[in-house]
Amino acid sequence: TSRRFVGSADLSWTPAEILSLSANYSSFSRNSIARRDVITDSIAFVQLTQSGAFTANCAFGNAIPQMLVASLSYQETGGRSQISTFGNASLSYNLAIGQTGWNFNFSGICNSLNAETMGSVIGVGPHITVQKAMYKGRFKLSLSGGFQDNVHDETVVARNHTAAASLSFAISRSQSLWAEGS
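Parameters and conventions
Per-chain numbering applies: the sequence of each chain, read as written, is numbered from 1 onward. For a predicted model such as this one, the threshold for reporting local features is a pLDDT of at least 70, and the threshold for listing and counting side-chain atom pairs is 80 or more; totals across whole chains, interfaces and linings nevertheless cover every residue. The basis for every side-chain value is the complete set of heavy atoms in the structure, and neither hydrogens nor water enter the calculation. Elements are defined by DSSP. Helices are runs of H or I of four residues or more, strands are runs of E of two residues or more, and each kind is numbered from the N terminus. Each residue gets one of three labels from its accessible area relative to the maximum for its type: buried under 20%, exposed over 50%, partly exposed in between, using a 1.4 Å probe on protein chains only. Residues are treated as being in contact if the distance between any of their heavy atoms lies within 4.5 Å.

Engineer: Would you take a moment to explain unusual backbone geometry for this structure?
Structural biologist: Note: most peptide bonds trans; most residues except glycine with negative phi. Notably, aspartate 153 is not glycine yet its phi reads approximately 55 degrees, a positive angle. Topologically, aspartate 153 is positioned in the loop between strand S8 (139–152) and strand S9 (155–170). Even without being a glycine, glutamate 154 presents a positive backbone phi close to 65 degrees. With respect to the secondary-structure elements, glutamate 154 resides in the loop between S8 and S9.

And the structure:
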């Protein structure tokens, strides 16, 4: 016997021309009972995953477009006895220097993982992306990188480094070539 339930809700609101807000929630649950022999064997399995997110965007600057984005997300997953939670918060600033084709993005990211088997681990670090559009925007080069320190019991247990490069070329409005490496 198996029962499943899936549900979700999304809400978006633009209270002003420069500000937009969005929130979402989703839930998935499953209960399964398998029996080989009604007297000796039975297995009960319960799975539950819930997640939610909130994002706020503020766009400003007419001559030099800029955007500030704040985002929060939370996920909880587990069964009857063990539950794990994951949280993420980020704050990003984006600067687009119009006619030059330059785009810059600076982000601060914080992740939190809490599991009964390992305790709590928090990751914090910056991320930077630089993009240059050339030849009327048909050719784009992007470079990004960052790091995140993972902290467990007030001790840095790992530092994760990321670096990526991508190159794209728009052949037409509906076709493009893309190459990336990380």
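Engineer: Can you walk me through the environment of proline 126 in this structure?
Structural biologist: Along the chain, proline 126 turns up in strand S7 (residues 119–134). Residue proline 126 is classed as partly exposed on the basis of its relative accessible area, which comes to 37%. Sequence separation of proline 126 and glutamine 148 is 22 residues, and the distance between their C-alpha atoms is 6.9 Å. In this view, proline 126 contacts Ser107, Gly146 and Phe147; residues no more than four positions away in its chain are not counted.

Nothing here speaks to function; it is geometry throughout.
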